[in-house]
Amino acid sequence: MSRSYLLKPYVVLYRDDTLEPADTPFSFDCQAEDGDHAEEQCLNAYPEADVVWVAEGVTTLDEAYEDYYNYKGAI
């Protein structure tokens, strides 16, 4: 039996050593059970990543960046 109905869309924002401090983080889209599962998937794909934000259920990448920057007080 498939458990795909338990998965929700996530956007994980991450940085690596190629980015300057002021650069916008990279993004990783996935379907996951929860935020920890989404972060785990990102780190499996990009082992050297530094995850900086996990957004659940956003419909666009712009929403994930807006959440990240608003939370960080940058906007």
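Note that the structure is predicted; figures quoted are calculated from it, not measured.

There is a patch of like negative charges on the surface, built from Asp34, Asp36, Glu39 and Glu40. Assignment of secondary structure puts Asp34 in the loop between strand 2 (26–32) and helix 1 (35–45).

Glancing now at the sheet that holds strand 1 (residues 8–15). The strand order across the open sheet built from three strands is 2-1-3, with neighbouring strands paired in antiparallel fashion. Sheet topology places strand 2 and strand 3 (50–56) at the edges, where each strand pairs with a single neighbour. Pairs of neighbouring strands in the sheet enclose a mean axial angle of 25°, with direction left out of account. Summarising the sheet, strand 1 and strand 3 pair through six bridges and their orientation is antiparallel. Pairing of Tyr10 across the sheet is with Glu56, part of strand 3. In the packing of helix 1 onto the sheet, the strands contacted are strand 1, strand 2 and strand 3, and the crossing angle to strand 2 comes to about 125°.

Between two aromatic rings, the relevant description is the distance of the centres plus the angle of the planes. Summed over the entire model, instances satisfying the criterion amount to six aromatic pairs. With a centroid separation of 4.9 Å and an interplanar angle of 70°, the aromatic rings of Tyr68 and Tyr69 are classed as edge-to-face. For Tyr68, a relative accessible area of 11% gives the class buried. Assessed through its relative accessible area of 21%, Tyr69 is described here as partly exposed. Put simply, the rings of Tyr14, Phe26, Phe28 and Tyr46 pair up and form one aromatic cluster.

The next point concerns the state of the cysteines. Evaluated as defined, the whole model comprises zero disulfides. The closest cysteine sulfur to the non-disulfide-bonded Cys30 is located on Cys42, 7.8 Å from its own sulfur. For Cys42, a relative accessible area of 0% translates into the label buried.

The rules behind the values
Residues numbered from 1 in each chain as written. Predicted model: local features only at pLDDT ≥ 70, side-chain atom pairs only at ≥ 80, totals over all residues. Heavy atoms only, no water. Patch = residues over 30% accessible without salt bridge, like charges linked within 9 Å, V, L, I, M, F, W, Y side chains within 5 Å. Areas by Shrake-Rupley, 256 points an atom, 1.4 Å probe, with all protein chains shown as cover. Salt bridge = Lys/Arg side-chain N within 4 Å of Asp/Glu carboxyl O. Lys, Arg positive; Asp, Glu negative; His and termini not counted. Charge placed at Lys NZ, Arg CZ, Asp CG, Glu CD. Helix = DSSP H or I, 4+ residues; strand = E, 2+ residues; numbered from the N terminus. Pairing = 2+ DSSP bridges. Axes fitted to C-alpha atoms, helices over the stretch in contact; angles between N-to-C directions. Contact = heavy atoms within 4.5 Å. Phe/Tyr/Trp six-rings, centres within 6.5 Å; stacked < 30°, edge-to-face > 60°. Buried < 20%, exposed > 50% of the residue type's maximum accessible area, 1.4 Å probe, protein only. Disulfide = S-S within 2.5 Å.

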